[in-house]
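Topology and contacts: notes
Now for the letters of each chain:
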Amino acid sequence: MKKNALQKYWPLYLLTTGIAFMLRCFSKITDSDVILWMLTPTVRWVSILSGISFEYLPHRGYVSYFYRFLVAPSCAGIRFMMIAFLMQSFSFLYRIEKRRNGYLWFGFCVVFSYIATIFVNGIRIIASIYLPLLLERPGMADGFMTSDRQHTLIGTGVYFSSLCFLYLLSAFICKKWFQDTAKPASGAAVPACDFRPRRMFVPAFWYLLTVIGLPFCKRILTKDWEGFWPYAMLVIFTCLPVCALLYAADRLRYRISGDEGTGGTAR
């Protein structure tokens with residue numbers, strides 16, 4: 001992080017940390033009445049996408065009696081919002097030169113992470129309802145792929161892949177509307193595509209730090225390791241194929257852009 005950016009935006013970095021801590025506290029709440037600001041729009045989005053009707057149970061959440069599925073406070077997706085907000089703020093704010101644009105970007109991060117969480121979490125909930133029905137096999141729950149691990153697999157796949165796309169979209173928006181991009185000198189060559197495969201490590205860092213790193217530190221203090229390592233391995237081996245797929249897609253896009261930029265001659 002640049003020193004001048006820290007001096008310029010330290011109130012925003014401090015506020016980002018405070019908001020993240022507040023969201024972390026909200027993610028641990030078990031009373032659904034407190035987080036209706038997240039649950040209600042999410043359930044309505046699920047109903048629009050799937051046609052499933054839900055009924056609200058005070059203090060518990062929204063239930064679908066037909067599918068026997070409860071959208072409880074733990075399904076609100078607030079932790080994903082926290083990860084997305086931290087990633088957007090810390091990964092892009094220091095790149096913005098104008099202070100006014102930096103504060104506008106901060107406000108954008110708050111709103112965008114909230115809307116994105118509702119959109120992504122709705123998809124995750126639908127996947128959690130339908131995929132177990134499609135993949136259900138006799139005796140499957142008795143082996144490694146228990147219902148809890150299946151829930152973790154679906155959640156990790158949807159959340160992490162969405163976080164990667166969210167990072168790429170945020171990078172595009174920040175560069176196009178918030179950064180002051182200098183125009184290239186006359187006659188200077190402009191690369192056909194800014195290919196940086198390391199950028200996939202940014203969402204991976206924020207996601208794994210939150211879902212594995214922080215719980216790991218907590219387990220060190222409590223010395224309670226029951227179920228942690230199978231959970232951690234499942235999360236990591238779910239993230240790896242997503243990173244590999246996005247890397248391959250970006251590499252292919254780079255080669256295609258390179259071919260087009262050189263008049264069809266590959267280099």
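It should be noted that the structure appears before, not after, this text.
Residues numbered from 1 in each chain as written. Predicted model: local features only at pLDDT ≥ 70, side-chain atom pairs only at ≥ 80, totals over all residues. Heavy atoms only, no water.

Regarding its fold elements, the chain presents seven helices and three strands. Taken from N to C terminus, the helices and strands of the chain fall in the order α-α-β-β-β-α-α-α-α-α. Residue burial in the chain is summarised as follows: out of 267 residues, 40% are buried. Long-range contacts, defined here as pairs at least 24 residues apart, represent 76% of the contacts in the chain between residues at least 6 apart. A total of about 15800 Å² of accessible surface is found on the chain, and carbon and sulfur atoms cover 65% of it. (Helix = DSSP H or I, 4+ residues; strand = E, 2+ residues; numbered from the N terminus. Buried < 20%, exposed > 50% of the residue type's maximum accessible area, 1.4 Å probe, protein only. Contact = heavy atoms within 4.5 Å. Areas by Shrake-Rupley, 256 points an atom, 1.4 Å probe, with all protein chains shown as cover.)

It is worth spelling out the packing of helix H3 (residues 78–92) against helix H4 (residues 99–134) at this point. One way to put it is that H3 packs onto H4 with a least axis distance of 9 Å and a crossing angle of 145 degrees. Every pair of crossing elements has a handedness; the one defined by H3 and H4 is right-handed. Here Phe80, Met81, Ala84, Phe85, Gln88, Ser89 and Phe92 of H3 lie close against H4, whose contacting residues are Trp105, Phe106, Phe108, Cys109, Val110, Phe112, Ser113, Tyr114, Ala116, Thr117 and Val120. Grouping the amino acids of the contact of H3 with H4 by side-chain chemistry returns 14 nonpolar, four polar and no charged. (Axes fitted to C-alpha atoms, helices over the stretch in contact; angles between N-to-C directions. Left-handed = near helix turned anticlockwise from the far one by under 90°. Nonpolar A, V, L, I, M, F, W, Y, C, P; charged D, E, K, R; others polar.)

Within the fold, leucine 70 resides in strand S3 (residues 69–71). Owing to a relative accessible area of 29%, leucine 70 belongs among the partly exposed residues under this scheme. Placed 59 residues apart in sequence, leucine 70 and isoleucine 129 show a C-alpha to C-alpha distance of 9.9 Å.

To continue, consider the packing of aromatic side chains. How two aromatic rings sit relative to each other is given by the distance of their centres and the angle of their planes. Counted according to the given criterion, the structure contains 26 aromatic pairs. Between tyrosine 13 and phenylalanine 90 the ring centres are 5.4 Å apart and the planes differ by 20 degrees, which places this aromatic pair in the stacked class. Of this pair, tyrosine 13 sits in helix H1 (residues 3–27) while phenylalanine 90 sits in helix H3, and the two are 77 residues apart along the sequence. Using a relative accessible area of 6% as the deciding quantity, one classes tyrosine 13 as buried. With a relative accessible area of 22%, phenylalanine 90 lands in the partly exposed category. Ring geometry for phenylalanine 216 against tryptophan 225: centres 5.4 Å apart, planes inclined by 55 degrees, an arrangement best described as tilted. Following the ring pairs from residue to residue traces out a cluster consisting of Phe92, Trp105, Phe108, Phe112, Tyr167 and Phe178. Across the ring face of tryptophan 177, the terminal group of lysine 176 is positioned such that the distance to the ring centre comes to 5.7 Å. (Phe/Tyr/Trp six-rings, centres within 6.5 Å; stacked < 30°, edge-to-face > 60°. Lys NZ or Arg CZ within 6 Å of the ring centre and 35° of its normal.)

Take the side chain of serine 32 next. On the secondary structure map, serine 32 appears in the loop between H1 and helix H2 (36–50). In this structure serine 32 comes out as buried when scored by relative accessible area, which is 0%.

The next subject is the pairing of strand S2 (residues 61–64). In terms of strand pairing, strand S1 (residues 55–57) meets S2 through three bridges, oriented antiparallel. Paired with glutamate 55 across the bridge in S2 is valine 63. Between S1 and S2, which pair antiparallel in sequence order, lie three residues; one of them, histidine 59, sits at a positive phi of approximately 70 degrees. Alignment of S2 against S3, held across three bridges, turns out to be antiparallel. Within S3, the residue paired with tyrosine 62 across the bridge is valine 71. Hairpin connection between S2 and S3: a loop of four residues separates the two successive antiparallel strands, and arginine 68 in this loop has a positive phi of roughly 55 degrees. (Pairing = 2+ DSSP bridges.)

Attention now moves to the packing of H2 against H4. Helices that pack against each other are described as a pair by the angle of their axes relative to one another and the distance between those axes. Where H2 contacts H4, the axes come no closer than 8 Å and their chain directions differ by 55 degrees. One element, H2, and the other, H4, form an angle in the oblique class. The element H2 and its partner H4 pack so that their crossing is right-handed. Contact with H2, carried on its side by Trp37, Met38, Pro41, Thr42, Trp45, Val46, Leu49 and Ser50, involves Tyr114, Thr117, Ile118, Phe119, Asn121, Gly122, Ile123, Ile125, Ile126 and Tyr130 of H4 and no other residues of that element. In terms of residue class, the contact of H2 with H4 is built from 13 nonpolar, five polar and no charged. (Parallel < 35°, antiparallel > 145°, perpendicular 65-115°, else oblique.)

Its location among the elements puts isoleucine 129 in helix H4. With a relative accessible area of 5%, isoleucine 129 lands in the buried category. Between the C-alpha atom of isoleucine 129 and that of tyrosine 67, which follows or precedes it by 62 residues, the distance is 7.4 Å. Contact partners of isoleucine 129, with chain neighbours within four places excluded, come to Ile52, Phe54, Tyr67 and Phe69.

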